[in-house]
Amino acid sequence: MATLLYAAVLLAAGFALGRARCDRIVSWAEAWTTPGWRHWRFWPAAPVAVACLALIWLVRPRRTLANVRSWRARERLHPVPEYDPDWATKRDGGAP
């Protein structure tokens with residue numbers, strides 16, 4: 001009976017962790033850790049940021065890996081096109 005109760009509690013905790021939205025906590029920790037480790041605000045926020053990152057990796061590993069891959073792919077995108085005043089001439093082959 002105790003094993004069944006233990007399994008139910010673990011299942012409920014796992015479901016709650018999977019449904020949790022930590023946007024406010026993550027935003028706060030990111031804002032406080034941004035100045036750097038020499039600032040006093042970094043130290044109370046660093047454990048919260050590490051815990052949030054660990055929770056994200058544990059709860060949604062596939063989505064996290066997909067996000068990492070997309071961030072890396074975004075760096076390899078083509079450069080932004082530059083303004084070309086003669087684009088119509090080049091497109092039409094010079095015909096009026």
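Coordinates for the structure precede this section.
What this report covers is the structure whose coordinates are included nearby. Every chain's residues receive numbers from 1 upward, in the order its sequence appears when written. It should be noted that, the model being predicted, local features are given only for residues of pLDDT at least 70 and side-chain atom pairs only at 80 or more, the latter also being counted only at that level, while totals for whole chains, interfaces and linings use all residues. Excluding hydrogens and water, the side-chain figures rest on all heavy atoms present in the structure.

1. Regarding the overall build of the chain
Think of it this way: any DSSP run of H or I at least four residues long counts as a helix, any run of E at least two long counts as a strand, and we number them from the N terminus. Check the secondary structure of the chain and you find five helices and zero strands. When the helices and strands of the chain are read in sequence order from the N terminus, they spell out α-α-α-α-α. Across the 96 residues that make up the chain, the buried fraction comes to 8%. Partitioning the intrachain contacts of the chain with sequence separation of at least 6 by distance along the chain shows that 27% fall at a separation of at least 24. Summed over all atoms, the accessible surface of the chain reaches about 8900 Å², with 65% contributed by carbon and sulfur. The classification of residues rests on relative accessible area computed with a 1.4 Å probe and restricted to protein chains. Under 20% of the type maximum is buried, over 50% is exposed, and intermediate values are partly exposed. Between two residues, a contact is recorded if the distance between any of their heavy atoms is within 4.5 Å. In short, Shrake-Rupley with a 1.4 Å probe defines the accessible areas, and a residue's cover is counted only from the protein chains shown.

2. Structural notes on a nonpolar patch on the surface
Taken together, the side chains of Leu53, Ile56, Trp57 and Leu65 present a nonpolar region at the surface, about 370 Å² in accessible area. Looking at the nonpolar patch, the element that brings in the most residues is helix α3 (residues 42-59), giving three residues. Of note, Leu65 is situated in helix α4 (residues 61-75). Each patch is built from residues lacking any salt bridge and having more than 30% relative accessible area; the joining distance is 9 Å for like charges and 5 Å for nonpolar side chains (Val, Leu, Ile, Met, Phe, Trp, Tyr). Salt bridge, as applied in this entry: a Lys or Arg side-chain nitrogen positioned within 4 Å of an Asp or Glu carboxyl oxygen.

3. Re the packing of aromatic side chains
Only Phe, Tyr and Trp rings are paired, with Trp represented by its six-membered ring, and only when their centres lie within 6.5 Å; those with planes under 30 degrees apart are stacked, over 60 edge-to-face, the remainder tilted. Summed over the entire model, instances satisfying the criterion amount to three aromatic pairs. Taking 5.1 Å as the distance between ring centres and 40° as the angle between the ring planes, the aromatic pair formed by Trp28 and Trp32 counts as tilted. Linking Trp28 with Trp32, this pair stays in helix α2 (residues 23-33), spanning four residues, or about one helical turn. Trp28 sits in the partly exposed class, given a relative accessible area of 35%.

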